[in-house]
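# Chains, contacts and geometry: an overview
For reference, the chains in residue letters:
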Number of protein chains: 2
Amino acid sequence: MDPSKVDIPPLKDLTIDNITENVIAINSNNPDPRFKYILERLVVHLHDFARETRLSTQEWMAGIQFLTKTGQICTDVRQEFILLSDILGLSLLVDSIDHPKPPNSTEGTVLGPFHTHEAEVLSHGDLMSHDENGDPLLVLCTVRDVQGRPIEGVKIDIWETDSSGKYDVQHPDRDGPDGRCILKSDAEGVFWFKAIVPVPYPIPHDGPVGQLLKKLGRHPMRPSHMHFMFEKEGFDHLITALYLKNDPYETSDAVFGVKNSLIVELSKVSADQAAKYGVKEGSALMTYDFVLVTEQGSADLRAQNSRKALEKLGRRVKIVKGLPVPDVD
Amino acid sequence: MDPSKVDIPPLKDLTIDNITENVIAINSNNPDPRFKYILERLVVHLHDFARETRLSTQEWMAGIQFLTKTGQICTDVRQEFILLSDILGLSLLVDSIDHPKPPNSTEGTVLGPFHTHEAEVLSHGDLMSHDENGDPLLVLCTVRDVQGRPIEGVKIDIWETDSSGKYDVQHPDRDGPDGRCILKSDAEGVFWFKAIVPVPYPIPHDGPVGQLLKKLGRHPMRPSHMHFMFEKEGFDHLITALYLKNDPYETSDAVFGVKNSLIVELSKVSADQAAKYGVKEGSALMTYDFVLVTEQGSADLRAQNSRKALEKLGRRVKIVKGLPVPDVD
């Protein structure tokens, strides 16, 4: 292609006020309407951010250098940009937008960087965490649909740290997965297993994101929690976690993962339960009843929310492959 | 410090709508009021961007990967994040905000990545570009204040590409600087030199930013131009460039550098000029009268613009070290 032949709307004389419409105009050849809309909103917000802060050249350069360092510390096993997104609340927000939950279903929360694909499939009642320093925990759960019917055969991924606050993959000398497993719900929607009581831990904070947290007067801690991920055809993928009540970081999670509906209070195993599940009476017990939304239910809610959000911008919306684009351009 | 003792405002039950105020609250311990304000606006715009686009997890991940690649291609001699800022119009915008110009003064434009600190100091009339394939160009300029008085002793940095569209530093085998120089204006505010007629060239487009331009249906070209940078104590630092009229990329500069007031039409050297300046009659001539703003004039205008911008947000403003922060929090 001869670039001088590209049919680009001519730029006007650029000022602080018209630069935004000019950048949007030059981007208007984008053949993908969804990508075009995303770029339009990105440019509007990037420019408004600079205009509202009166960003100085020196501050802009500090931002450029921060982003560069954030990119350069990334490796196959470290994703500093995800960490940045987490501590700015963006990860939680995107998950909430993409997986909207009706009020009577289980809320989602941040996935975090420690899910792996090497967890073993266990049977109900098996021990998931072999850390002898951890406090034993019996976990009894069910999974149902929004009508309260048990869902059989849901694949449930579960993972937690050891008693030192580290996931298995954070130990360079580990021999195989631990503190994680996969279970399948039975005909009653039940799944149960033995684990350890979760503990708080810090997110990686020896890089640019850690420095930013320090500058902001924030700590890098996450409150005690256990991750759960639910998959079954026909149901919206649920990524969530349960948080322990009264954790010192319950109201200041560095990555904004805690939601009230996901906070659980541990109780003690009764004599009957001890006999039934083969654990010690008085040891810690966690119970939860998860509720999954159908894929269609989630898609409908997402489309409805998209319409509302674009109407707020004064734009009519068209849903293309499940995602909104303005209807008239 | 015991992080659980940090006095952080407790987060509320997080939703799509209240996540923003919660992130701002947790960031409110920031001891630097300017940085606090910047972070507040960043979080507001980042979140509004996600809410307005209904950003999907997949799109978010594509963004994370793009930023990571952008960071990882950066080296000591390549700054892909600056390039990204350039092609999104942010660089021009930040320069316009930081160096506001009253109507009767010379406008600024993007610095670009090719200014160096190794240019030789030349005398008036010296040849700056030794590329024999270039078309000879005589450049006659003045530099004055807004009252029209000549300014003596301004340090002027000038740089341009060779006839192949490459700056000296882009030739790995070069032996010293070429196509760049430093001059000082004389008592009449005059500076003049011999160069070559500028040509269009592409910005580096073999990385993530080049791929983005391609996806957007944009070319990577910059129209023919020559860079100028003016420094003298008491005057606002002026970074600008002159653009050749009727360049094929005049209205589609990949980095939004062109402004109408910076477009010049080349003329021909007259017989008198040929004799006076020792160049060939009929060869190309570029003339321009630059006008510098005082440092105080620029600072006053910046403060005035800051007040207006923050009032638009309904905030009262305090100017601290030349930059705005909200007055009441």
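Residues numbered from 1 in each chain as written. Chains lettered and ligands numbered in written order. Predicted model: local features only at pLDDT ≥ 70, side-chain atom pairs only at ≥ 80, totals over all residues. Heavy atoms only, no water.

## Description of the overall build of chain A
Here is the rule we go by: Think of it this way: any DSSP run of H or I at least four residues long counts as a helix, any run of E at least two long counts as a strand, and we number them from the N terminus. Each residue is placed in one exposure class: buried if its accessible area under a 1.4 Å probe, protein chains only, is under 20% of its type's maximum, exposed if it is over 50%, and partly exposed if it falls in between. Any two residues whose heavy atoms approach within 4.5 Å at even a single point are treated as in contact. Per-residue accessibility takes into account occlusion by the displayed protein chains alone, with areas from the Shrake-Rupley method and a 1.4 Å probe. In this tally, Asp and Glu contribute negative charge and Lys and Arg positive charge; neither His nor the terminal groups of the chain are included. Throughout, a charge is located at the NZ atom of Lys, the CZ atom of Arg, the CG atom of Asp or the CD atom of Glu.
Along the backbone of chain A there are eight helices and 14 strands. For chain A, the spread of C-alpha atoms along the three principal axes comes to 80 × 45 × 40 Å. Classification of the 329 residues of chain A by burial places 55% in the buried group. Restricting the contact set of chain A to residue pairs at least 6 apart, pairs at least 24 apart contribute 69%. For chain A, the computed accessible surface area is about 14900 Å², with 51% contributed by carbon and sulfur atoms. Side chains of chain A give 36 positive and 49 negative charges; the mean places of these two sets differ by 6 Å.

## Observations concerning the interface of chain B and chain A
Our working definition: As used here, buried area is the combined drop in accessible area, with a 1.4 Å probe, of two parts when they are placed together. Here a salt bridge means any side-chain nitrogen of Lys or Arg lying within 4 Å of a carboxyl oxygen belonging to Asp or Glu. Each polar contact in these results corresponds to two N or O atoms within 3.5 Å; when the atoms are within protein, one needs to be able to donate a hydrogen and the other to accept it, and residues that are neighboring in sequence are counted only if both atoms are side-chain atoms. Note that Gly is not counted as nonpolar here; it falls among the polar residues with everything else outside the nonpolar set of Ala, Val, Leu, Ile, Met, Phe, Trp, Tyr, Cys and Pro and the charged set of Asp, Glu, Lys and Arg.
The interface of chain B with chain A comprises 88 residues on the first partner and 88 residues on the second. Summing the contributions of chain B and of chain A, the shared interface buries around 8100 Å²; its carbon and sulfur component is 69%. At the junction of chain B with chain A, the criterion picks out four salt bridges. B:E52 is the partner of A:R41 in a salt bridge, and the nearest nitrogen-oxygen pair spans 2.8 Å. Across the contact surface, chain B and chain A share 31 residue pairs in polar contact (both at pLDDT 80 or more). Looking at the side of chain B that touches chain A, the elements that each hand over two or more residues are α1 (19-26), α2 (33-53), α3 (57-72), α4 (80-87), α5 (90-98), α6 (208-215), α8 (295-312) and β14 (323-326) of chain B. At 17 residues, the largest contribution of residues to the side of chain B that touches chain A is made by α2(B). Its residues placed into classes, the side of chain B that touches chain A shows 48 nonpolar, 26 polar and 14 charged.

## Observations concerning the relation of the copies chain B and chain A
Which entries qualify depends on this criterion: To line up the copies, we fit them by least squares on C-alpha atoms, keeping just the residues with pLDDT of at least 70 in both.
Once turned by 180° and shifted 0.0 Å along the axis, chain B lies on chain A with an RMSD of 0.0 Å. Between the two chains, the operation in question is that of a two-fold axis. Considering only C-alpha atoms, the part of chain B nearest the rotation axis is B:G71, at 2.0 Å.

## Remarks on the environment of A:L67
Turning to its location among the elements, A:L67 is positioned in helix α3 (residues 57-72). A relative accessible area of 26% means that A:L67 is categorised as partly exposed. Along the backbone, A:L67 and A:E80 are 13 residues apart, and their C-alpha atoms lie at a distance of 9.8 Å. Ignoring anything within four residues of it in the chain, the contact list for A:L67 reads A:F81 and B:F81.

## Topic: α3(B)
Going by this rule: Here the expected length of a helix is defined as 1.5 Å per residue gap, with one fewer gap than residues.
Taking 1.5 Å of rise per residue, 16 residues should cover 22 Å, and α3(B) covers 22 Å from first to last C-alpha, within 8% of that figure. Where α3(B) is concerned, the buried positions are B:E59, B:W60, B:I64, B:T68, B:T70 and B:G71.

## Here's the deal with the sheet that holds strand β11 (residues 267-268) of chain A
Residues and elements named next belong to chain A. The condition is simple: Paired strands, in this sense, are two strands between which DSSP finds at least two bridges.
Taking strand neighbours across the sheet as the criterion, the four strands line up as β5-β2-β12-β11 in an open arrangement whose pairing is mixed. If you trace the sheet from one side to the other, it starts and ends with β5 (190-196) and β11, each paired once. Where strand β2 (residues 136-145) lies against β5, seven bridges are found, and the strand directions are antiparallel. Within β5, the residue paired with V139 across the bridge is F193.

## Regarding the domain arrangement of chain A
Residues and elements named next belong to chain A. The condition is simple: As used throughout, domain bounds are those supplied by an automatic or database domain assignment.
We note that the domain assignment places domain 1 (3-78 + 309-326) and domain 2 (85-293) within chain A. Of note, the centres of domain 1 and domain 2, computed from C-alpha atoms alone, are 36 Å apart. At the interface, five residues of domain 1 touch six residues of domain 2. Contact between domain 1 and domain 2 buries roughly 440 Å² in total, counting both sides, with carbon and sulfur atoms accounting for 66%. Connecting domain 1 to domain 2 are one salt bridge. With a closest N to O distance of 2.8 Å, D206 and R78 form a salt bridge. The tally of links from domain 1 across to domain 2 stands at one residue pair in polar contact (both at pLDDT 80 or more).

## Observations regarding the sheet that holds strand β3 (residues 155-159) of chain A
Residue and element names in this part refer to chain A. The six strands are arranged β1-β4-β3-β8-β9-β10 in an open sheet whose pairing can be described as mixed. Every other strand in the sheet has two partners, leaving β1 (120-121) and β10 (263-264) as the edge strands with one partner each. Pairing of β3 with strand β4 (residues 180-184) involves five bridges; the strand directions are antiparallel. Its bridge partner lying in β4, W159 is registered against R180.

## As for empty space enclosed by the protein
Condition: Both cavities and pockets are sets of points on a 1 Å grid over the protein atoms alone; in a cavity a 1.4 Å probe fits but cannot get out, in a pocket the set is open with protein on both sides within 12 Å along at least five of seven lines, and lining residues sit with an atom within 4 Å of a point. Grid points are joined across faces, edges and corners, and a volume is the space filled by probe spheres set on the points.
Overall, the coordinates contain three cavities of 30 Å³ or more when judged by the stated rule. Its boundaries defined by the atoms lining it, the largest cavity holds a volume of some 110 Å³. Lining the largest cavity are 13 residues, and of these B:D86, B:G112, B:P113, B:I203 and B:R222 lie nearest its centre. Put simply, the second largest cavity is a space of about 100 Å³. Together, 13 residues line the second largest cavity, and A:D86, A:G112, A:P113, A:I203 and A:R222 are the ones closest to its centre. Residue classes in the lining of the second largest cavity are distributed as nine nonpolar, two polar and two charged.

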